[in-house]
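Architecture at a glance
For reference, the chains in residue letters:
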Amino acid sequence: MSGTRVLVVDDEPHILRALQTSLRAAGYEVEAAGSAQEALAKAAARPPDAVILDLVLPDGSGTDVCRELRRWSTAPIVVLSVVGDEPEKVAALDAGADDYVTKPFGIDELLARLRAGLRRAVTPTGPILEIGELTLDLEKRALAVSGRSVSLTPTEFELLRFLAQNEGKLLTHPMILRAVWGPAYDRESHYLHVYVSQLRRKIEPDPARPRYLLTEAGAGYRLVVPQQS
Amino acid sequence: MTGLVFALRPVAPVLSLGVLYVFAVLPVAVLFGLAYALPVSVASMLAFNWFFLPPRHTFALRDSENWVALAVYLITASVASELAARGRRRAAEAEQREHEASLLADVAARLLSSGDVQSQLPHIAARAAAALRIERGRIELDSVRRPEPHESAHPSVAGDRHVGTLFLEAGAVPDPGVSRRLLPALASVLAVAHDREQLARKALDAEALRRSDAIKTAILRAVSHDLRSPLTAIRAAGEGLQSTALDLTPEDRRSLLDTIRLEAERLDRLVGKLLDLSRLEAGAAHPLPRLWAVDDLLARALDDLGASGERISVALPPEPPLVRVDADQIERALVNLLENAVKFSPPDELVDVEVEDTGAEIAVRVSDRGPGVSAGDLERIFEPFARAPAGEVRAGSGLGLAIARGFVQGNGGRLSVELRQEGGATFVLALPAARLPTATGVR
């Protein structure tokens, strides 16, 4: 953990201070920036391993910063958004942000997103994906839930495969639609909603309380290893 | 007439009997005017001459009597026809004025009975055009636009005020007398109706403003308390942690920190609700409808509820029931309903959620085992700041159900409450059922 450098960008001094304190306490090296210009300058001077980025900055939007960073950096970016600013959040995700948390957020939630982003940056995946009790065999195109084989339609399998290969990562509706249905369908999110509901009936112990396939309101879906409750 | 003169010939001198021809001329003059009376006068003179004046059966005019007779007929014809024509003109004028008066009365009545002047304009224009003997016309209030090539414009002026413009077909010449009398009167009536409508609208705006002001005051009063209590707790806990005068055990510190976190979360929820409400009040909560499975919306709502969501049992139908709604708004509505149900249920009782597909509607039924709702309050509880009766108040802003109903109705659905026989209440959130568009080329 030590030596992992995080660039935190927010124009609210109080939020910046709270984040710096918590991130340092969690063992990260922290660099702070209060504007888009400062963020890009600091990132260029010392490339960060991860970025926490507020969407609303005095001299531009976080989305633009995302786009600029993505021209040369693959470091995970977690954006901070506010309720009611869903379009900007989705734009940032499309511009290359990996994840988001909504203000006011809990620090545990932010740290979890940051860890997941950093972990994904290094982990390759093999032909058999194990996520909690789900075992997905990409070669045999087979799914087992708690060791019991479950049959999936071709579309359900493709959807689950794409989600599983990006485990823990927030995938926007257009990303999933493009990957599973094809580029012509990136606006047909209703197919996605229906297939997600059907898939949940096959993989979730309680489809009304999904623990694997989570909905991120206004943004997309995420397949995760269920937390022990 | 000739026969009558023939019959009376024995009792009177023929010449004086020529007067009887006046009876032929007179009615023609009265009924049909001078143009017809003139030939009849000449014909009468000729008939008198032919049949009765010597030499008979010739048109020879020997005596001056003939000329006298002709002059009498002609004078009678012209005087009678002129008098009759005057009478007719007066009658026509009276009829025309009566027509105009009834037109104005009708227009005034229509304008007064209908609140909307604009919707009456085509009818009024048609009647005015008919009175002006023009085929078509249209009235535009406040309009000063130039007439199109196919129109002619007639400004409608009441006093020195421009009320609007009457557009007639180009080339149509309105009856000058009628337009002189009718148009100013019409303009006055329109001006009055127009003013009346604007006053009514201003009064309505003022009333809406007053109401929204009253609502805002009520909101401020209600929430200032709700905002202050978590703030007070946070401040007290924060100062307690900082204080050097207090000797806190690690347990105390953890408890104070918990207070800060929980109260901040409560504050966050309240601010979220106020935002929802202000958006609904401002009419700014335009739904962005998309096709969703109700399970997904319920799952999101349950996730938002966190730990209290564990006291809810959900029964889903085998196939995902689809609705076309704004997911964020319906999720808010569901969260508020579920929160409410959990809050009013005894801690050891589950809240039951059932999703029903009736074909036309998808109904989410949220049943609690709380105190229920008294029959008179079935509607009132959906008003802002309606809270449970005193003594049963549990923390709540009184906004949740009002917001839920606002969002549900905004998405074409309905939200109502039913009493349960076994105690408690069932909130029914019904949304129009949607179907997946026929898949073309989609796997």
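You'll find the structure just up there.
Residues numbered from 1 in each chain as written. Chains lettered and ligands numbered in written order. Predicted model: local features only at pLDDT ≥ 70, side-chain atom pairs only at ≥ 80, totals over all residues. Heavy atoms only, no water.

Turning next to the pattern of salt bridges. Residues and elements named next belong to chain A. According to the stated counting rule, one finds 39 salt bridges over all chains in the structure shown. For D54, the salt bridge is made with K103, and the minimal N-O distance between the two is 3.3 Å. Placement of the pair is D54 in strand β3 (residues 50-54) and K103 in strand β7 (residues 99-103), with a sequence separation of 49 residues. Through salt bridges with shared partners, one network takes in D99, E109, R113, E216 and R222. (Salt bridge = Lys/Arg side-chain N within 4 Å of Asp/Glu carboxyl O. Helix = DSSP H or I, 4+ residues; strand = E, 2+ residues; numbered from the N terminus.)

Attention now goes to the sheet that holds strand β8 (residues 361-367) of chain B. All names here are of chain B. The five strands are arranged β5-β7-β8-β10-β9 in an open sheet whose pairing can be described as mixed. Two strands close off the open sheet at either side, each with one partner strand: β5 (312-315) and β9 (414-419). Going across the sheet, the axis of each strand differs from the next one's by a mean of 20°, ignoring polarity. Inspection of the sheet shows β8 paired to strand β10 (residues 425-432) by seven bridges, in the antiparallel sense. Within β10, the position partnered with E361 by the bridge is P432. Its contacts with the sheet place helix α9 (residues 294-305) against β5, β7 (351-357) and β8, and it is angled at close to 170° to β5. The strands that helix α10 (residues 327-344) touches are β5, β7, β8, β9 and β10; relative to β10, the one it contacts most, it runs at about 170°. (Pairing = 2+ DSSP bridges. Axes fitted to C-alpha atoms, helices over the stretch in contact; angles between N-to-C directions. Contact = heavy atoms within 4.5 Å.)

Our next topic: empty space enclosed by the protein. Summed over all chains, the structure comprises two cavities of 30 Å³ or more. In this model, the largest cavity occupies a volume close to 50 Å³. Within the residue set of the lining of the largest cavity, elements represented by two or more residues are β2 (151-158) and α7 (176-242) of chain B. It is α7(B) that contributes the most residues to the lining of the largest cavity, four residues altogether. A class-by-class count of the residues in the lining of the largest cavity yields seven nonpolar, two polar and no charged. What the second largest cavity holds in volume is close to 30 Å³. Lining the second largest cavity, in full, are A:L129, A:I131, A:L134, A:L136, A:L143, A:L160 and A:A164. Residue assignment for the lining of the second largest cavity shows that the elements contributing at least two residues are β8 (128-131), β9 (134-137) and α6 (154-165) of chain A. Along the lines of polarity and charge, the residues of the lining of the second largest cavity split into seven nonpolar, no polar and no charged. (1 Å grid on protein atoms, 1.4 Å probe; cavity = no way out; pocket = protein on both sides within 12 Å on 5 of 7 lines; lining within 4 Å. Points joined across faces, edges and corners; volume = space filled by probe spheres on them. Nonpolar A, V, L, I, M, F, W, Y, C, P; charged D, E, K, R; others polar.)

Quick look at the side chain of A:T4 now. Within the fold, A:T4 resides in the segment before β1 (5-9). Dropping the residues within four chain positions of it, A:T4 is found in contact with A:Y28, A:E29, A:D49 and A:L118.

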